[in-house]
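Here's the letter readout for the chains.
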Amino acid sequence: MTALDEVKIGGLGASRLRVEDQRFVRGRGTYLDDIKLPGMLYMEIVRSPLAHARITRIDTSKAWQIPGVRLVLTGEMMAQRNLAWMPTLSYDTQAVLATDKVRFQGQEVVVVVADDPYIAKDGCDAVEIDYEPLPAIVNPEQSAAPGAPIIRDDKPGQTDNTCYRWEVGDREATERAFAEADVVSSLKLHYPRSHPSPIECCGAVADFDAGTGKLTVYMTTQAPHIVRAAVALIAELPEHQIRIVSPDIGGGFGNKVPVYPGYVHAILASILTGRPVKWIEDKTGNLISTGFGRDMYLDAQMALRRDGKILAVRMHADTDQGAFFADAQPSKFKVGLLHSAFACYDIGIGYITAQGHYTNKAPGGVAYRCSFRVTEAMFFQERMMQAAATDLGMDQAEFRRINLRRDVAFPARTPFGFLVDSGQYHKCLQVGLDAIGYDEFRREQAAAREKGRLLGIGISTMTEPLGAGNSREYDILGIKMFDSAELRVHLTGKAILRTGARTQGQGHETTWAQIVAHELGIPADDVVVEEGDTDTAPYGMGTYASRSTPVAGAAVSMAARKVRAKARKIAAHLLEVSEEDVEWELGRFYVRGAPERGASIQECAMAAYSNMPDGMEPGLEATAYYDPPNLTWPFACYIVTVEVDPETGVWDVLRVVAVDDCGVRINPMIVEGQIMGGLTEAYAMASMQFQTYDADGNMIGANYMDYLLPTAWETPGFELHEVVTPCPHHPIGAKGVGECAAVGGPAAFVNAVIDAIGDAGVRNIDMPLLPDRVWTALQTRQSV
Ligand code: MCN
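Bear in mind the structure is a predicted one, so any value in this text is a computation, not a measurement.

Participant: For the site of the ligand, give the residues involved together with the corresponding values.
Facilitator: Taken together, 34 residues are adjacent to the ligand, and Gly-252, His-508, Thr-549, Gln-674 and Val-737 come closest. His-508 places a side-chain nitrogen or oxygen 2.7 Å from an oxygen atom of the ligand. Here an oxygen atom of the ligand and a backbone polar atom of Asn-667 are 3.0 Å apart. Alone, the ligand offers 840 Å² of accessible surface; in the complex the protein occludes 96% of this. When residues of the shell around the ligand are traced back to their parent elements, those giving at least two are helix H14 (508-520), helix H15 (548-575) and helix H17 (668-687). By residue class, the composition of the shell around the ligand is 12 nonpolar, 17 polar and five charged.

Participant: I'd love a proper account of the pattern of salt bridges, names of residues and values included.
Facilitator: Overall, the coordinates contain 56 salt bridges when judged by the stated rule. Taking the shortest distance from any N to any O, the salt bridge between Arg-103 and Asp-100 comes out at 3.1 Å. On the accessibility criterion, Arg-103 (0% relative accessible area) is buried. Here Arg-373 ties to Asp-327 by a salt bridge, and the two come within 3.5 Å at their closest N and O atoms. One end of the pair, Arg-373, is in the loop between strand S17 (349-358) and helix H10 (374-392); the other, Asp-327, is in the loop between strand S16 (310-322) and S17, with 46 residues separating them in the sequence. Across this residue pair, the class does not change: Arg-373 and Asp-327 are buried.

Participant: Help me get a handle on the pairing of strand S29 (residues 651-661), residues and values and all.
Facilitator: In terms of burial, S29 is largely enclosed, as eight of its 11 residues are buried. In this structure, the hairpin formed by strand S28 (residues 635-644) and S29 is closed by a connection of six residues, where Gly-649 is found at a positive phi of approximately 80 degrees. Across four bridges, S29 lies against strand S32 (residues 719-722) in parallel orientation. Among the inter-strand pairings, Ala-658 is bridged to a residue of S32, identified as Leu-720.

Participant: Give me the sheet that holds strand S15 (residues 293-304): which residues, what numbers.
Facilitator: Taken together, the five strands give an open sheet; going across it, the order is S9-S17-S16-S15-S10, and neighbouring strands pair in mixed fashion. Single-partner strands in this sheet number two, and they are strand S9 (162-169) and strand S10 (183-194). Between one strand axis and the next, the sheet turns through 10 degrees on average, direction left out of account. Here S16 runs beside S17; their pairing, made up of 10 bridges, is parallel. If you follow Gly-322 over to S17, its bridge partner there is Tyr-358.

Participant: Pulling in residues and values, what's your account of a nonpolar patch on the surface?
Facilitator: Judged by side-chain polarity, Leu-491, Met-606 and Tyr-609 come together as a nonpolar surface patch covering roughly 250 Å² of accessible area. Summarising the element assignment, Leu-491 is placed in the loop between strand S21 (483-489) and strand S22 (495-499).

Participant: So what's going on with the sheet that holds strand S8 (residues 128-133)? Which residues, and what values?
Facilitator: Strands belonging to one sheet form pairs held by backbone hydrogen bonds; the direction of such a pair is parallel or antiparallel. Pairing within the open sheet is antiparallel, and its three strands lie in the order S6-S2-S8. The sheet is open, and its two edges are formed by strand S6 (101-102) and S8, each paired on a single side. Examined bridge by bridge, strand S2 (residues 53-59) and S8 share six bridges and lie antiparallel to one another. Along S8, the bridge assignment pairs Arg-57 with Asp-130.

How each quantity is defined
- Residues numbered from 1 in each chain as written.
- Predicted model: local features only at pLDDT ≥ 70, side-chain atom pairs only at ≥ 80, totals over all residues.
- Heavy atoms only, no water.
- Near = heavy atom within 4 Å.
- Polar contact = N/O pair within 3.5 Å; in protein donor to acceptor, adjacent residues only side chain to side chain.
- Areas by Shrake-Rupley, 256 points an atom, 1.4 Å probe, with all protein chains shown as cover.
- Helix = DSSP H or I, 4+ residues; strand = E, 2+ residues; numbered from the N terminus.
- Nonpolar A, V, L, I, M, F, W, Y, C, P; charged D, E, K, R; others polar.
- Salt bridge = Lys/Arg side-chain N within 4 Å of Asp/Glu carboxyl O.
- Buried < 20%, exposed > 50% of the residue type's maximum accessible area, 1.4 Å probe, protein only.
- Pairing = 2+ DSSP bridges.
- Axes fitted to C-alpha atoms, helices over the stretch in contact; angles between N-to-C directions.
- Patch = residues over 30% accessible without salt bridge, like charges linked within 9 Å, V, L, I, M, F, W, Y side chains within 5 Å.

On their own, these measurements won't tell you what the molecule is for.
Given below as structure tokens:
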């Protein structure tokens, strides 16, 4: 036997079809709603219709009288068990059920548990609640206004609506750089509130066994181990008696990271009734109360030299956190990784301040397809880049060329402390410019303008820190983060792999097996991947912030290498040579100088259980925990061309070019799928997808008539290109990719539209660029 063909066995670089799709396309997936346990009860939630009100009366007596209603929970009952409030991941508190006041429309007030979901809904309708309305605060400006009602009057010592203040960078050096600048470019922007909107909503089936004291919770979570710890702490239950199982998940996109009150209700209801209890959000519940991202206002300036060199940046962000600070991250930086902005540019100095504001809106700040506020960071960065180039009268591509880090500049420290370790930024930009035909488009644009046609081109270049996990180079969270993998190779050479990550559609079952194939030569089809069950998976931190490949993927590699190291000893034993004389080629060991004498990995596996060397522990398995030395830094260049209709403000996308450098691609097809999905979300952000609230705090966007997502019909085509700069510290050179296009893409679309119409005075249009907003901007332009 000779070395295997890596691509043929489904190793690195193979566009292997997704194995999980075998069950998904046949309707054989097991999603939360497929779980039906004997004697199961169903839970529904009464939500507040008002954004801000005092609760003066709750009467549940009529609900209790409905046949089939088994339990009606109020905040008062929760308070008796010390469960009316729970800690959030951001070190704040959140009401589990409202007691004194409601603080956002959709807040959970009463829970009804019944024999079937319809009776539970009837029970909800029978609950009587009296509210005394209070003025609603729906944005940071109102929140900070003198005399504004204090939203969090439940918190001792809270005398205003400030949730946090935070700063990073060198203020004095930044001021000095601004004093020396030839040009100061300023911009104010808003990244609107938005919802990840997975097809499957959040939910849980809680099953408390009073006999054993064991609590099993099936739940749609992206981070089962973290949720297990949270449940243990919130409900004061022993962690070893809690099993969290995350079944197949119908999309997460960040929505399923936080610990929501509904999970706690279902758990308590199961403990109190002694029966399994199922809670599944309906779409309105999901859209109105769980998992919002963005909602950040930026006021920023850039200090520039006339020749195009950026001297410094200064940014202030006001963030609308909603009623509870429940960002899905315990970041010590409060606004996540906002300060990763400008990491790809050679800027030495900067200063960022941020203020979080409580408002009467559902808790925001979920890492919606972004690594903790990186989406906002990169959008602001690339919009500022466009504005600055315009202020200098400089070409957009040239301005980026002047400021992008050069290949020789790595590793480079950003003004905010990150260490950017690698990249080929100029090559990436050039591939994009060549693919779109930049110079030719500029000529076409000028010619079209002569005829009254508005063509535009927008560029977005960015690197983002992916792989939340490192605690050595850059301590993001104030806690150590890592991930894990456990690989067991059975006697026949087939293997089972478990990790602490949790796929929600990304394809881990396919790609992790490819890493094992690459490291061991076991065909990927012979490796089964399991994730999501805390009773069997090794401890891990979950899947979000595109951290799985950088951290769990690395752990898979390390576990396989440990297995290979043991197999090498077994091979030496089988081949009757010393270990030093054993060489490795994919799938087999052989004797140095006598390549015909070899032992396959499968033969070694058989021997590990039947003919191991004396003194060796039987079996062929290993567990690896990976705490990476740094984040991974993928780079991307997105270029979009558009045509704007001057009569209506409607804009059409002409072309979208994407150049992504996510290092070594494990599965190119899956990577391309991730990029296309991200670009679709980028287009959605730029064109239609946002949630807002009226003056009374009623959400506009709680259904799919008001909250628009693009269908295949609207979504433009994408032209994908790649550059490969292997990550220097990842065992197989891979970097994260899952969110890059969603993070970097929106600015390319907006920049293109502004480029089409902005030459005569339009500086900004806030997303989404609805036709009426563009049309209004066009009127400004025409009057300039
Ligand atoms: N991959 C690869 N080669 C690389 C990098 C990644 O083959 N160099 C593969 C990975 O093995 C994995 C996929 O691409 O199968 C995404 O990997 P990664 O970038 O590590 O991201 P995660 O697996 O951690 O997924 C998280 C990311 C985020 S943050 C959101 S939000 C998101 C996303 O992925 N949510 C998704 N993509 C999604 N895709 C689907 N279908 N559903 C979601 O909920």
